Amino acid sequence: MHVDLNLLTALDALLDERSVSGAADRLHLSQPAMSRTLSRIRQATGDEILVRSGRQMLPTPYAEEVREEVHRLVTRAQSVLTPSAEVDPATLERTFTLQCNDVVAGALLPRLAAALADTAPGVCLRLLAEGATTADELRRGRVDIQIGDTAPDHADTRSTTLFSDRLAAVGRRDLPHDPTTWDGFASLAHVVVSRRGRTRDRIDDLLDTQHRRRHVAFTVPTLALALGAVAAHPLLTVAPETLTGHVLPAHLRTYPLPGPTPPVPAVLAWHARHDRDAAHHWLRGLITTTLTPAP
């Protein structure tokens with residue numbers, strides 16, 4: 001019996017995307033071609049795989065049962081077939097997709113731009129804003145590398161901690177209250193950076209232990225917007241100290257928080273399929289060297 005192993009790759013994409021059109025885009029196929037492939041998978045397995053429910057498609061119980069195994073098989077096959085030869089960055093022509101928040105992007109881009117121009121002029125780096133998910137984008141192949149503050153917990157993702165930063169308050173040099181004391185910190189209005197618009201974060205937990213509350217005047221999705229607000233008015237925002245300090249204009253500064261907070265790690269993550277990819281390994285090393293602070 002002949003088994004077309006290409007169907008595994010298609011099945012993996014279909015089960016991840018739960019959409020014929022999404023799987024087609026991912027595999028660079030037309031939608032009719034993906035539909036025909038789904039028909040072949042159904043014939044081979046004797047199962048519908050995906051069934052329509054309203055405006056979406058849902059996996060069958062069989063599809064849910066084999067989903068992780070299919071993904072492991074595809075990942076393993078990609079790893080086996082990926083050459084592990086050395087790569088020459090000077091002749092490399094490739095586009096990589098990196099996902100991170102604007103704090104990391106602001107620290108990384110100026111340094112990485114010079115490094116790529118000097119050593120790998122044929123490389124294109126696509127930066128995407130931090131999303132609501134982590135490992136899913138890596139597993140689906142939409143993102144090559146993620147940098148965040150947590151490690152993905154899927155078995156088929158890899159990660160390494162580049163360094164740990166600490167939180168600091170950021171505000172003008174002429175603030176009316178001293179933000180390094182609990183009373184001064186809580187008396188100033190705050191700008192919270194949250195891509196989801198949340199008004200509460202770990203700083204409020206810290207204030208709770210001191211029986212204090214703060215007034216949140218704004219929530220904004222990026223640090224750049226927060227810095228614009230604190231530059232215009234005596235407000236405070238809280239951000240990673242090392243990654244933020246280099247972008248502050250002269251009239252802003254960082255202040256140590258009144259009490260200790262858990263360290264904020266910078267975690268670089270990738271999918272296991274890239275373990276033996278020499279070009280991917282080179283880029284991970286370049287980012288690590290570029291972003292890790294000097295001792």
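What you are looking at is a predicted structure, and each value in this text was computed from that prediction instead of being measured.

**Q** Residues and numbers for the layout of surface pockets, please.
**A** One number sums up the size of the largest pocket: a volume of about 1,200 Å³. Elements represented by at least two residues in the lining of the largest pocket include exactly β3 (94-100), α5 (102-119), β5 (145-148), β8 (190-193), α8 (202-209), β10 (236-240) and β12 (264-271). The dominant element in the lining of the largest pocket, judged by the number of residues it contributes, is β12, at five residues. A class-by-class count of the residues in the lining of the largest pocket yields 23 nonpolar, 11 polar and 11 charged. As a volume, the second largest pocket reaches approximately 480 Å³. Around the second largest pocket sit 19 residues that line it, and Arg26, Gln78, Arg140, Gly141 and Arg273 are the ones nearest its centre. Of all elements in the fold, only α1 (6-17), α2 (20-27) and α4 (61-81) reach the threshold of two or more residues within the lining of the second largest pocket. Residue composition of the lining of the second largest pocket, grouped by class: three nonpolar, seven polar and nine charged.

**Q** Tell me about the sheet that holds strand β9 (residues 216-220), and please be specific about residues and values.
**A** In a beta sheet, neighbouring strands are held together by backbone hydrogen bonds and run either parallel or antiparallel to one another. In spatial order, the strands read β9-β8-β10-β7-β11; together these five strands make up an open sheet with mixed pairing. Looking at strand neighbours, the two that pair on one side only are β9 and β11 (252-256), the edges of this open sheet. Averaged over all pairs of adjacent strands, the angle between their axes in this sheet comes to 35°, without regard to strand direction. Taken together, the four bridges between β8 and β9 define a ladder with parallel strand orientation.

**Q** Explain the pattern of salt bridges to me, using residue names and the numbers behind them.
**A** Under the defined criterion, the tally for this structure stands at 21 salt bridges. Salt-bridge contacts for Arg26 lead to Asp12; the nearest nitrogen and oxygen are separated by 3.6 Å. Of this pair, Arg26 sits in helix α2 while Asp12 sits in helix α1, placing them 14 residues apart in sequence. Across the pair, Asp12 and Arg26 agree in class, each one buried. In this structure, the salt-bridge partner of Arg166 is Glu241, at a minimum N-O distance of 2.5 Å.

**Q** So, helix α11 (residues 278-291): which residues are in play, and what are the values?
**A** For α11, with 14 residues, the first-to-last C-alpha span of 20 Å sits near the 20 Å given by 1.5 Å per residue. The element α11 is largely enclosed, with a buried count of 10 among its 14 residues. Of the positions making up α11, those classed as buried are Ala278, Ala279, His280, Trp282, Leu283, Arg284, Leu286, Ile287, Thr290 and Leu291. The N-cap of α11, judged by a side-chain oxygen 3.1 Å from the amide nitrogen of Ala279 a few residues on, is Asp277.

Rules used throughout
- Residues numbered from 1 in each chain as written.
- Predicted model: local features only at pLDDT ≥ 70, side-chain atom pairs only at ≥ 80, totals over all residues.
- Heavy atoms only, no water.
- 1 Å grid on protein atoms, 1.4 Å probe; cavity = no way out; pocket = protein on both sides within 12 Å on 5 of 7 lines; lining within 4 Å.
- Points joined across faces, edges and corners; volume = space filled by probe spheres on them.
- Helix = DSSP H or I, 4+ residues; strand = E, 2+ residues; numbered from the N terminus.
- Nonpolar A, V, L, I, M, F, W, Y, C, P; charged D, E, K, R; others polar.
- Pairing = 2+ DSSP bridges.
- Axes fitted to C-alpha atoms, helices over the stretch in contact; angles between N-to-C directions.
- Salt bridge = Lys/Arg side-chain N within 4 Å of Asp/Glu carboxyl O.
- Buried < 20%, exposed > 50% of the residue type's maximum accessible area, 1.4 Å probe, protein only.
- Expected span 1.5 Å × (residues − 1).
- Polar contact = N/O pair within 3.5 Å; in protein donor to acceptor, adjacent residues only side chain to side chain.

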